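# Remarks on the overall topology
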Amino acid sequence: MQTESSNILNPLELLKNSGIPKHLLYQSKIEVDHLLCPICLNILWKPVACGQDKCFQSYCEVCINKWIQDQAGDAVLQESLYSQSLIIAPDSGSGSQYSSQSSSFSEMPQQIQIETTQHNCPKCKRPFKKTSIPIIHNLLDSIQLSCIYEECTIKSRYEQFQKHIFQCLFRRINCSGCGLQQLQNELEQHENQCEQITIECTKCQNKMSRKQFQIHSIDDCVQNQFNNKDNQIDQLYKKIEELNQKNQYLEQKICKMLKGESFDTIHQFSFKTMFTQNYQFTGTQAIEAKLIHPSFNLQKQKNDFLHFYINHKVKTQAVQGIIWRMRIQTLKGNLLIGICSSLCHYSIDFIINKSGEIKRKEWNENKYKLLRKGNFTFSEGDNLTFQFMPLQQCLRIINENRHIVCRFEPTEIIEMGDSFFSFFSLENQGDSLIFI
């Protein structure tokens with residue numbers, strides 16, 4: 001009885017697990033047995049058919065889907081149980097070839113196969129190929145069905161059946177207040193009088209049952225309004241406190257940025273160079289860049305400097321600074337540390353060498369010109385920290401071992417445009433830098 005009541009209350013439940021009950025058939029011009037689902041034995045609902053040759057059996061869509069799912073589940077269970085029985089079956093005797101103490105599945109017979117019948121049509125036993133048979137739909141459209149509600153005398157055609165049972169005046173729906181079933185056409189009138197329906201007071205916004213609302217006094221309403229205002233004030237105070245904390249954090253961050261103390265650190269390094277045969281890059285956390293083959297310039301009768309670049313574009317208009325670190329592992333020759341406006345040959349370059357000379361190269365030239373000389377030097381074993389400070393528009397290079405600093409000035413950074421790359425040049429074979 002509970003199932004029937006539930007089905008009547010929710011018409012979808014009637015058609016959720018099977019076809020249309022046969023007793024609802026009111027009129028049909030053909031023998032109804034031709035329109036029954038062989039699984040649920042009810043009138044076909046949303047029929048699909050097996051497309052295998054000489055089969056074409058029709059089923060309710062929900063019935064065949066459940067059939068296939070059940071078959072798949074049974075096959076998996078059967079295979080699992082069969083495999084377990086091979087592994088844990090007790091010895092039948094001392095002469096048993098395969099015992100429960102077998103250490104590996106590979107010791108078992110390898111020719112064992114398990115046949116399954118997943119996705120097979122119940123009629124032809126072949127894999128189910130979903131198709132549609134127009135004549136079945138035409139025959140179903142020719143029948144008339146009674147309403148599921150006994151009080152209703154309306155007879156609907158097959159294609160209108162679901163629409164009718166949802167719109168039927170005799171459909172029962174639960175009251176949202178008391179939960180009692182009401183006729184669909186009487187539900188509104190009932191809920192307008194039901195004492196358990198929830199009502200919201202338009203003044204204090206409190207929700208209560210109609211019965212409580214009827215005794216909801218002005219004093220209670222005013223008190224609730226005060227309570228609501230107090231809660232709103234508390235929420236505003238919390239919001240103000242959150243905003244003050246966020247503002248304080250931002251002020252501290254801006255102060256650090258102005259002092260050059262706020263940086264994003266480059267942890268993962270990658271490099272670019274046109275001298276791939278000359279450089280070797282090894283390591284993961286700390287990457288070593290080593291010149292393994294120098295390039296000798298016959299005209300100058302000395303080794304050429306060979307560039308490689310950190311593949312990280314530094315944006316000059318960024319808000320947050322950037323920091324990266326490097327250790328000079330081996331340095332028998334000279335080292336150039338520089339910045340350039342692009343990774344191509346035609347770029348503006350600024351460099352500093354280990355003698356502290358800062359030089360500049362125009363984009364259309366191949367020669368560096370001295371700008372100034374400072375007291376900044378470096379050698380093998382020194383640790384260098386690079387800090388780009390966008391608000392000050394400068395790049396600081398700090399020798400942590402010697403506690404000395406040099407800078408590429410704002411006028412030089414401005415010439416880079418909206419971004420720049422850093423590069424390094426070695427000349428002596430075996431010299432190497434480690435990026436941390």
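Our structure's up above, just so we're on the same page.
Before going into details, it helps to say that this report is about the structure given with it. Quantities reported herein were computed from a predicted structural model and do not represent experimental measurements.

### Comments concerning the nonpolar core
Counting 40 residues, the largest nonpolar core has Trp324, Phe424 and Phe435 as its most contacted members. Ranked by the residues each element gives to this core, the list is headed by strand β19 (residues 321-330), at 4 residues. The residues touching tryptophan 324, leaving out its near neighbours within four places in the chain, are Ile266, Phe269, Ile310, Val314, Leu384, Thr385, Phe386, Leu395, Ser422 and Phe424. Among the nonpolar cores identified, the runner-up in size contains 36 residues, and Leu15, Val32, Ile64 and Tyr149 belong to it.

### What to know about the pattern of salt bridges
Scanning the entire structure with this criterion turns up 10 salt bridges. The salt bridge partner of glutamate 61 is lysine 130, with a shortest N-O separation of 3.0 Å. A residue pair is termed long-range when its members are at least 10 positions apart, and glutamate 61 in helix α3 (residues 61-88) and lysine 130 in strand β4 (residues 130-131) qualify at 69 residues. Of the residues examined, lysine 130 reaches a relative accessible area of 58% and is grouped as exposed.

### Here's the deal with the sheet that holds strand β5 (residues 144-146)
Note: strands within a sheet are paired through backbone hydrogen bonds, in either parallel or antiparallel orientation. Spatial strand order, β1-β5-β6: 3 strands in an open sheet with antiparallel pairing. What marks the edges here is a single partner per strand, and that holds for β1 (25-27) and β6 (155-157). On average, adjacent strands in this sheet sit at an angle of 45° to one another, irrespective of strand direction. Relative to β5, β1 is paired through 2 bridges, and the arrangement is antiparallel. Looking at β5, one finds that glutamine 27 is bridged to glutamine 144.

### Digging into the pairing of strand β2 (residues 47-50)
In terms of strand pairing, β2 meets strand β3 (residues 58-60) through 3 bridges, oriented antiparallel. Residue proline 47 lies in a different strand from β3, and its bridge partner there is cysteine 60.

### Focus: a nonpolar patch on the surface
Residues Ile218, Val222 and Phe226 make up a contiguous nonpolar surface patch of about 320 Å² in total accessible area. Checked against the element boundaries, phenylalanine 226 lands in helix α8 (residues 218-259).

### So, the pairing of strand β26 (residues 404-408)
The two faces of β26 differ: Ile404, Cys406 and Phe408 on one face are buried, but Val405 and Arg407 on the other face are not. In this structure, strand β25 (residues 394-399) lies alongside β26, joined through 5 bridges in antiparallel fashion. Note that in β26 the partner of isoleucine 397 across the bridge is cysteine 406. In textbook terms, the turn of a hairpin is the stretch between consecutive antiparallel strands, and for β25 and β26 this stretch comprises 4 residues, one of which, histidine 403, has a positive phi near 55°.

What counts and how
Residues numbered from 1 in each chain as written. Predicted model: local features only at pLDDT ≥ 70, side-chain atom pairs only at ≥ 80, totals over all residues. Heavy atoms only, no water. Core = buried A, V, L, I, M, F, W, Y, C linked by side-chain atoms within 4.5 Å. Buried < 20%, exposed > 50% of the residue type's maximum accessible area, 1.4 Å probe, protein only. Helix = DSSP H or I, 4+ residues; strand = E, 2+ residues; numbered from the N terminus. Contact = heavy atoms within 4.5 Å. Salt bridge = Lys/Arg side-chain N within 4 Å of Asp/Glu carboxyl O. Pairing = 2+ DSSP bridges. Axes fitted to C-alpha atoms, helices over the stretch in contact; angles between N-to-C directions. Patch = residues over 30% accessible without salt bridge, like charges linked within 9 Å, V, L, I, M, F, W, Y side chains within 5 Å. Areas by Shrake-Rupley, 256 points an atom, 1.4 Å probe, with all protein chains shown as cover.

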